[in-house]
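Secondary and tertiary structure notes
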Amino acid sequence: MVGLTKEQRAQREAEKNAGDLVEMVRDIPEFPGGPLSAEVHPDEIDNWLALDWRLEE
C-alpha cells in the first residue's frame, strides 16, 4: 500500500482533532494586501487546498 502524502497525513490529523483549527499558508496573496495565513476548520481543508493554500509545516 502506498504511503500518504504530507497533506493527507495533516488532514487525517486534523480530522482526529475535530473542532481544532488548522493553520494554512500561501506564498503570494490572492489579491494585493491579501492574507498569507489562515486558521481553517478541518472540514474546509480540501476547499482551501484547491485555492493554492497549503498546510503549515
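You'll find the structure just up there.
So, a few notes on the structure that sits alongside this text.

Quick notes on the rules
- Residues numbered from 1 in each chain as written.
- Predicted model: local features only at pLDDT ≥ 70, side-chain atom pairs only at ≥ 80, totals over all residues.
- Heavy atoms only, no water.
- Core = buried A, V, L, I, M, F, W, Y, C linked by side-chain atoms within 4.5 Å.
- Buried < 20%, exposed > 50% of the residue type's maximum accessible area, 1.4 Å probe, protein only.
- Helix = DSSP H or I, 4+ residues; strand = E, 2+ residues; numbered from the N terminus.
- Contact = heavy atoms within 4.5 Å.
- Phe/Tyr/Trp six-rings, centres within 6.5 Å; stacked < 30°, edge-to-face > 60°.
- Pairing = 2+ DSSP bridges.

Overview of the nonpolar core
Most often, soluble globular proteins keep nonpolar side chains buried together rather than apart. Formed by V22, M24, A38, V40, I45, W53 and L55, the largest nonpolar core amounts to seven residues. Those elements giving two or more residues to this core turn out to be β1 (22-25) and β2 (37-40). If sequence neighbours within four positions are ignored, W53 has contacts with M24, V25, R26, P35, L36, S37, A38 and W48.

Things to note about the packing of aromatic side chains
Scanning all chains against the criterion turns up one aromatic pair. Their ring planes at 65° and their centres at 5.0 Å tell us that W48 and W53 sit as a pair that is edge-to-face.

Quick look at the pairing of β2
Alternating residues of β2 divide into A38 and V40, all buried, and S37 and E39, none buried. Where β1 lies against β2, four bridges are found, and the strand directions are antiparallel. Its bridge partner lying in β2, V25 is registered against S37.

Thoughts on the sheet that holds β2
Sheet architecture is open: three strands sit in the order β2-β1-β3, paired in antiparallel fashion. On the outer flanks of this sheet lie β2 and β3 (54-55), each paired with one strand and no other.

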